[in-house]
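# Topology and contacts: notes
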Amino acid sequence: MPAWNPTCPVDRRRFLAALASAPGALRAAEQGPPNIVLIYADDLGYGDVSANGARRIRTPNIDRIAREGVRFTHAHSPSATCTPSRYALLTGEYAWRRPGTAVLPGDARLIIEPGRPTLPAMLKDRGYRTGVVGKWHLGLGAGEVDWNGDIRPGPLEIGFDYAFLIPATGDRVPCVYMENHRVVNPDPADPIRVSYSTPFPGEPLGRTHPQLLRMHPSHGHDMAIVNGISRIGYMTGGRKALWKDEDMAGVITAKAVQFLERHRREPFFLYFSTHDIHVPRVPHPRFAGRSGMGPRGDAILELDWSVGEILGALDRLGLARNTLLIFSSDNGPVVDDGYRDQAVEKLGDHRPAGPWRGGKYSNFEGGTRVPFFVRWPDRVKSGAESGALASQIDLFASLASLAGARLGAAAAPDSFDILPALLGESKQGRQHLVEHAGSLSLIVGRWKYVAPGKGARINQNTNTELGNDPAPQLYDLDRDPGERSNVAPQHPDRVREMAAQLAKIRQAARTRP
Ligand code: NG6
Ligand code: CA
């Protein structure tokens, strides 16, 4: 498909038709399709931003997106951890349908098969330049990756034109950046080797050489030492390629801004996936100590700075008005996620999940109900708030509708076109949503049903209320948004009905109408 051409009558007609029903459509259409920027924070909770009520921490740049757009109060990440959320975001398929989509080690193979319909491939097909910058965590290669050569398939094989990556997470080896198919700053004399099973002889580890550490693990994270921080997995070599944790936000933000500059004259989609505020939290000295809440709070300030750089670049390049900007997070918050970084001690009365119970890993709303703001000055009214039920999984079908793409039957099986809700033009989001953590939960209207689960009630390491229960749970989110009172015993019929509906959704290959 050739690039979108605003002077081409066919393209113009299609785009006008897609927008025809809405106010402001003509004005937007005159400029061609909007650019799309998705800023995807890591482990940022609903209550971690001042736009959603945080008081002890201020996030003026993130708040600006909310103020100039729509602030959603019932929008979800597809899962309560990273890999499955990102899998669902890019494929439009619930991750729980696919074994192998749980949190991945850093040497995992790519879990999205090339050739499958993806969000970036759909937009590329509609003439967008597509780029991913930041955390990937969807696997790379086809197994047995050689980190010293070309690594494929990866993002470039599933719809992105450009990639600058943290391959997995900040706390997983290899601790190197990748640009397109290659590790950045390779050194043939010092080849990189990675293992998730066997240590490399002679390499000190967190558990054997704790005296070398400047940040100590609280649980796990006692393997390879990079920059004085022990990680998950073993690695040796590649010393010139190793990242410096305190520079990471600066490095990836600069790459994201470069992408905007490079593609300023054509429609683009940028998936900017920050490392902040995931562990290890090692913000740049500019932010260290600034929040008074330890590295977790400082990382939020650093994240807000990154967002400010993106907003500033869009302003400077004259792109802000015709750019649809979405800000969200891949899962709910966690305080102690494996390092002794004072997050617990300095939390005080800050509530990372805001009004919701639980957090990352949890069946409760804190697991997936995340900050979600949408700004598009040419089209979206500023200062709006929406309680529409929405999920990041809906971006695929909704942006397809915006870009005038037709989805084939196999594409985006669980993604709903809720574009009018995303643009603040309708209060109607999805009719139902399956939340994914230890158990599956189903939300329909005000009711949330949590399927029985065998897992622990509390994650002792992170101190998260996981919300697992061998008995079914039912919450009335209107009356009891904090999920304190399980009313399943009082509503056996509703429990039966919702359990049956969830079973049906599980058996079906798709939910998209
Ligand atoms: C857990 C890690 C945690 C974090 C998480 C993935 C341990 C003990 N805990 O297994 O620190 O890395 O995986 O986070 O290793 S996510 O945001 O990428 O899903
Ligand atoms: Ca995450």
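My aim in this report is to walk through the structure given alongside it, one point at a time. (Residues numbered from 1 in each chain as written. Chains lettered and ligands numbered in written order. Predicted model: local features only at pLDDT ≥ 70, side-chain atom pairs only at ≥ 80, totals over all residues. Heavy atoms only, no water.)

### Remarks on the packing of helix α6 (residues 248-262) against helix α7 (residues 294-316)
Quick reminder of the rule: To define axes, lines are fitted to C-alpha atoms, for helices over the stretch in contact only, and angles between the resulting N-to-C directions are given on a 0 to 180 degree scale. Where helices and strands are cited, they refer to DSSP runs of H or I of at least four residues and of E of at least two residues respectively, numbered from the N terminus. Every angle not falling under 35 degrees, over 145, or within 65 to 115 is termed oblique; those three ranges are roughly parallel, roughly antiparallel and roughly perpendicular. Note on convention: near helix rotated counterclockwise from far helix by under a right angle means a left-handed crossing. Clockwise means right-handed. Residues are treated as being in contact if the distance between any of their heavy atoms lies within 4.5 Å. All amino acids are sorted into three groups, where Ala, Val, Leu, Ile, Met, Phe, Trp, Tyr, Cys and Pro are nonpolar, Asp, Glu, Lys and Arg are charged, and the leftover types, Gly among them, are polar.
One way to put it is that α6 packs onto α7 with a least axis distance of 10 Å and a crossing angle of 15°. Relative to α7, α6 is oriented roughly parallel. Considering only the axes of α6 and α7, their crossing is right-handed. Between α6 and α7, the residues in contact are A249, G250, T253, A256, V257, L260 and E261 and E302, W305, S306, E309, I310, A313, L314 and R316, respectively. Across the contact of α6 with α7, the residue classes break down as 8 nonpolar, 3 polar and 4 charged.

### Focus on the side chain of H137
So the rule is basically this: Note on classification: 1.4 Å probe, protein chains only; a residue is buried when its accessible area is under 20% of the maximum for its type, exposed when over 50%, partly exposed between these limits. In protein, a polar contact requires one atom able to donate a hydrogen and another able to accept it; more generally it is a pair of N or O atoms within 3.5 Å, and residues adjacent in sequence count only if both atoms are side-chain atoms.
Considering the arrangement of structural elements, one finds H137 in the loop between β4 (129-135) and β5 (162-166). H137 gets classed as buried once you look at its relative accessible area, which sits at 2%. Engagement of the side chain of H137 in a polar contact is seen with the backbone oxygen of L104, the distance being 2.8 Å. When residues no more than four places from it in sequence are discounted, the contact partners of H137 are C82, T83, V103, L104, I166, P167, A168, T169 and R172.

### Considering the nonpolar core
Burial of nonpolar side chains together is a common tendency in soluble globular proteins. As a reminder of what qualifies: The nonpolar core is taken to be a set of buried Ala, Val, Leu, Ile, Met, Phe, Trp, Tyr and Cys residues, with the residues joined through side-chain atoms within 4.5 Å. Each domain's limits were defined by an automated method or a database of domain assignments.
Core analysis: the largest hydrophobic core is formed by 108 residues, its most contacted members being W136 and F327. Top element by residues in this core is α7. It accounts for 9 residues. Each of domain 1 (33-192 + 237-432) and domain 2 (193-236) gives at least three residues to this core. Setting aside chain neighbours within four positions, we find F327 in contact with I39, A41, L44, I62, I65, L303, V307, P371, F372 and F373. Judged by nonpolar contacts, the second largest core, of 24 residues, contains L440, W447, L477 and L502.

### Some points on the sheet that holds β4
Note the following rule: Any two strands with at least two DSSP-identified bridges between them are counted as paired.
Taking strand neighbours across the sheet as the criterion, the 10 strands line up as β7-β6-β5-β4-β12-β1-β13-β14-β2-β15 in an open arrangement whose pairing is mixed. The outermost strands of the open sheet, each flanked by one partner alone, are β7 (182-183) and β15 (384-386). Bridge count for strand β6 (residues 178-179) against β7 is 2 bridges, and the pairing is antiparallel. Its bridge partner lying in β7, E179 is registered against R182.

### Quick notes on the packing of aromatic side chains
Definition in use: Two rings from Phe, Tyr or Trp (for Trp, the six-membered ring) form a pair when their centres are within 6.5 Å of each other. A pair whose planes differ by under 30 degrees is stacked, one over 60 is edge-to-face, and the rest are tilted.
According to the stated counting rule, one finds 14 aromatic pairs in the structure shown. Judged by centre distance (5.3 Å) and plane angle (85°), the ring pair of F72 and F372 falls under edge-to-face. With F72 in strand β2 (residues 70-72) and F372 in strand β14 (residues 372-375), the pair connects residues that are 300 residues apart, well separated along the chain. For the pair F160 and Y271, a centre-to-centre distance of 6.2 Å together with 20° between the ring planes defines the contact as stacked.

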